[in-house]
Amino acid sequence: MATTFNCTVDTHPMAAEMQSVSNHVKGTTAAVVTMQGAVIAAENNSANKVCKNVNRGFLTLMRSQISQKIANKQSRVEALVMQLGQQKRQLLGIKTNMEREYGRIAERYLRIFTSINKELETRIRQVDQPVFELVNKHMATSSNRMNALTAWVPTSQAEGLCKSQQILVSNMKRNAQVALDQSTDFLTQIGEQRAITNQVLISNPNGNEDKTYLIPALICESVSDAAGITRTDIAVPTELSKNHASIINNALREEGENLPWQQQQPARQVSEELSRLVESSQISPRVKDMILKMHSSAIVKTL
């Protein structure tokens, strides 16, 4: 048969121990939570510190690299600036030389073309000398004469009118006297030239009597090339006949080598006249100097 035993077990100590364990568990939980918070805070601090250090290092590295690149580029730029400055100075020097050379060439060509223009003007004036004399001399003289002889209406008082008319009449008389004097001189010169011409001309060209006449002739000896071959030219008056000119030419060529030539200085009158003609001409200074130099170095021989 079954037996039932009833016993009473006191659970208070166990409950008390369980309460104590629960308190310790709660303390452990609080400690774990606190430790976990501290670990998380420490990890955050460590992570922040690592990030800051990494950022600082990266920033320092980038700054260093940028500084190196800036220094490299700056040195390159300074070198290029110095090179550009040197090239600028060289180009300015070339420009100055080119301007100086251009000015020199322009001045030389201007002088050449100026001399050519003057020479051409002189040649044209020599070709058309009568036309230039008519325009520059006679026309100006006629215009001045017309202006000088032009009358005007006196607008002065009655007591000054008589004096003005007397002045005009005196001027006209003086001009008339000058014209008469010039006409007299012209007619006198014509008479003298006519008398000299009558003395020189042959009075009876068809006569049979023998007469002696003095006929001028010009003998010019020149060297035409570098070989030193001389050339003799003889010029006689054009009024002679061809027969007489040929006889004189042949006689002078035959007797030319036996003529007593003597070297002497050119006559002073000839040198002065040549200098005056050269100075009054409108040729270029270079041609003038060459003419005077050739005249001073020329060897003159006379009979």
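Residues numbered from 1 in each chain as written. Predicted model: local features only at pLDDT ≥ 70, side-chain atom pairs only at ≥ 80, totals over all residues. Heavy atoms only, no water.

Draft legend 1. Representation of the overall build of the protein chain. In terms of regular secondary structure, the protein chain is built from six helices and four strands. Scanning the protein chain from its N terminus toward the C terminus, one meets helices and strands in the order α-α-α-β-β-α-β-α-α-β. Partitioning the intrachain contacts of the protein chain with sequence separation of at least 6 by distance along the chain shows that 41% fall at a separation of at least 24. When the accessible surface of the protein chain is split by element, carbon and sulfur atoms take 59% of a total near 27,000 Å². (Helix = DSSP H or I, 4+ residues; strand = E, 2+ residues; numbered from the N terminus. Contact = heavy atoms within 4.5 Å. Areas by Shrake-Rupley, 256 points an atom, 1.4 Å probe, with all protein chains shown as cover.)

Draft legend 2. Looking closely at the side chain of lysine 288. Relative to the elements of secondary structure, lysine 288 occurs in helix H6 (residues 285-296). No salt bridge is formed by the buried lysine 288, whose closest oppositely charged neighbour, glutamate 279, lies at an N-O distance of 4.9 Å. If near-sequence neighbours (up to four positions away) are discounted, lysine 288 is found in contact with Val278, Glu279, Ser281 and Ile283. (Buried < 20%, exposed > 50% of the residue type's maximum accessible area, 1.4 Å probe, protein only. Lys, Arg positive; Asp, Glu negative; His and termini not counted. Salt bridge = Lys/Arg side-chain N within 4 Å of Asp/Glu carboxyl O.)

Draft legend 3. Molecular detail of a nonpolar patch on the surface. Judged by side-chain polarity, Ile105, Tyr109, Ile112, Phe113, Ile116, Leu120 and Ile124 come together as a nonpolar surface patch covering roughly 620 Å² of accessible area. Structurally, the position occupied by tyrosine 109 is in helix H1 (residues 12-127). For tyrosine 109, a relative accessible area of 43% translates into the label partly exposed. (Patch = residues over 30% accessible without salt bridge, like charges linked within 9 Å, V, L, I, M, F, W, Y side chains within 5 Å.)

Draft legend 4. Region of the structure containing the pattern of salt bridges. Inspection of every chain in the model, using the stated rule, returns three salt bridges. Glutamate 101 is paired through a salt bridge with arginine 104; the nearest N and O atoms lie 2.5 Å apart. Linking glutamate 101 with arginine 104, this pair stays in helix H1, spanning three residues, or about one helical turn. Arginine 104 sits in the partly exposed class, given a relative accessible area of 40%. Of the charged contacts in the structure, one is a salt bridge between arginine 276 and glutamate 273, with a shortest N-O distance of 2.4 Å. Of this pair, arginine 276 and glutamate 273 are both found in helix H5 (residues 268-280), three residues apart, which corresponds to roughly one turn of the helix. Looking at glutamate 273, the relative accessible area reads 37%, which means it is partly exposed.

Draft legend 5. Inspection of the confidence of the model for the protein chain at higher detail. Scored by pLDDT, the protein chain comes out at a mean of 79, with 84% of its residues at no less than 70. When pLDDT is averaged over each element of the protein chain, H1 comes out on top at 86 and helix H2 (residues 129-148) at the bottom at 67. (pLDDT = per-residue confidence, 0-100.)

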